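# Summary of structural features
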Amino acid sequence: MSRLIRAVIDTGALRHNLETIRARAGGARILAVVKANAYGHGLVQTALALARADGFAVARLEEGITLREHGVSGPVVLLEGVFTAEQLREAARHGLELVVHDALQVHLLEADGAGQRLRLWLKIDTGMNRLGFRAREVPEALRRLERLSPPPLEVRLMTHLARADDSPEMTRRQLERFREATRGHACATSIANSAGVFGETPVGGEWVRPGLALYGASPFASRPAEALNLRPAMTLTTSVIAVRHVPRGETVGYGGAWRAERDSRIAIAAAGYGDGLPRGLPNGTPVLVDGRRAPLCGRVSMDMIAVDVTELGPVAVGTPVVLWGEGLAVEEVARWAGTVAYELLCGVSQRVPLELR
Ligand SMILES: Cc1ncc(COP(=O)(O)O)c(C=O)c1O
């Protein structure tokens, strides 16, 4: 019998997607976003596979240190920056670049940053209303950063787009605010996430920060990944562990959420919410059984799902089942789950082995 659930990571697809982004990014340098365990693909192995990226971006200090400990020596940016003097010292010791999005972080650098020559990214809030300085606060924040002693290696400017996937108008408004806030400053800039790289509005900037697109998923509801020349990097796959006949009128699984309308053949596959499948996946959600689409029936349990294979040919214990990836876009499964590809990819649980290909 083939192995049970695993996430097969196609490093060739990761590299292909990086080059697709590079071709699209108009000469901008690429900070590959590998936070949250590289969106479930494995932090270190993804960074090593993407060695041709110009740098990496992570959310938290621990992620940055892990990259350093595994030999990643190029630029690594902490997107949330640091919050204590100890974190600041650790970040500096590991040569990590810091996003500075709040006056408290400027104060920390003034109070505890002496002797630490860091590369800093001043984050400007242009409409996301999550992190960053308002336009009117930028001149003062920049002045304070430039006066640090010793001065930082470099200060760069960045913002984050809130609706690059669905509202060119909002993106244009954010770009306008960014231009106004940064007018007169000759710093390098970074604006684009995946949707910013592939969207219809050119957003510019010397650096782009794609995450999702690297993993081969599209950020747009109406443009599939193939149309962007992206290939899925993760295929979540498992096997059938039992096949049973369910007579018409019987129900399958907890809560009796699916009732057989005819005598049915049901395959039980080893994948459940303990592996990161959303429990809310409804009846009818597609999976691939030996490459053929078949619908989920009944509730997702912790370790198992049931699939109606009545209309398929032979299915036996060991038959492979793909939950998403090659042949079944994670974006499609996410729509069935009422969520986004980001959440499914990041949600693959730690008991699922990652297998590099
Ligand atoms: C600040 C920042 N930049 C870039 C990204 C990458 O976004 P995406 O995965 O949509 O490309 C993220 C992801 O959430 C982010 O928080």
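All values derive from a computational prediction rather than experimental measurement. (Residues numbered from 1 in each chain as written. Predicted model: local features only at pLDDT ≥ 70, side-chain atom pairs only at ≥ 80, totals over all residues. Heavy atoms only, no water.)

### Brief notes about helix 10 (residues 330-337)
Just so we agree on the cut-off: For every residue, the accessible area (1.4 Å probe, protein chains only) is compared with the maximum for its type, and the residue is labelled buried under 20%, exposed over 50%, or partly exposed between those bounds. In DSSP terms, a helix is any run of H or I states spanning at least four residues, a strand is any run of E spanning at least two, and both are numbered starting from the N terminus. Only heavy atoms enter the contact rule, under which two residues are in contact if any of them lie within 4.5 Å.
Of the residues making up helix 10, those classed as buried are Val330, Glu331, Glu332, Val333 and Ala334. Close packing links the buried residues of helix 10 with strand 14 (286-289), strand 15 (292-295), strand 17 (320-324) and helix 11 (341-346). Two residues or fewer past helix 10, glycine 338 is found with a positive phi of approximately 70°.

### Focus on the site of the ligand
The cut-off we apply is this: Throughout, the term near means that a residue has one or more heavy atoms lying within 4 Å of the molecule or strand in question. Polar contact is defined as a pair of N or O atoms within 3.5 Å, subject to the rule that within protein one atom must be able to donate a hydrogen and the other to accept it, and that residues adjacent in sequence are counted only when both atoms are side-chain atoms. In these tables, accessible area is a Shrake-Rupley quantity obtained with a 1.4 Å probe, and a residue counts as shielded only by the protein chains included in the view. Within this scheme a cavity is a closed region of a 1 Å grid, computed over the protein atoms alone, that accommodates a 1.4 Å probe without allowing it to escape, whereas a pocket is open but has protein on both sides within 12 Å along at least five of seven lines; lining residues each have an atom within 4 Å of a point. Occupancy of a cavity or pocket is assigned to a molecule whenever over half of its atoms lie within 2 Å of that pocket's grid points. Residue classes follow a fixed rule: Ala, Val, Leu, Ile, Met, Phe, Trp, Tyr, Cys and Pro count as nonpolar, while Asp, Glu, Lys and Arg count as charged, and any other residue, Gly among them, counts as polar.
Around the ligand, the surrounding shell holds 14 residues, and the nearest of these are Lys35, Tyr39, Ser194, Gly211 and Tyr342. Between the ligand and tyrosine 39 there is a distance of 2.6 Å, counted from an oxygen atom to a side-chain nitrogen or oxygen. In the model, an oxygen atom of the ligand is placed 2.6 Å from a nitrogen or oxygen of the tyrosine 342 side chain. Protein chains bury 90% of the 390 Å² of accessible surface belonging to the ligand in isolation. Taken atom by atom, the bulk of the ligand overlaps the largest pocket. When grouped by side-chain class, the residues that make up the shell around the ligand number six nonpolar, four polar and four charged.

### Focus on the pattern of salt bridges
The line we're drawing: Only one rule defines a salt bridge in this text: a Lys or Arg side-chain nitrogen within 4 Å of an Asp or Glu carboxyl oxygen.
Applying the stated criterion to the full structure yields 24 salt bridges. Between glutamate 80 and arginine 60 there is a salt bridge whose closest N-O contact spans 3.1 Å. Note that glutamate 80 is positioned in the loop between strand 4 (76-78) and helix 5 (85-93) and arginine 60 in the loop between strand 3 (55-58) and helix 4 (61-69), a separation of 20 residues in sequence. One salt bridge connects aspartate 303 with arginine 351, and the closest N-O pair in it is separated by 2.9 Å. Here aspartate 303, found in the loop between strand 15 and strand 16 (305-308), pairs with arginine 351, found in the loop between helix 11 and strand 18 (354-356); they are 48 residues apart in sequence, far enough to count as distant. Aspartate 303 sits in the partly exposed class, given a relative accessible area of 34%. For arginine 351, a relative accessible area of 44% puts it in the partly exposed group.

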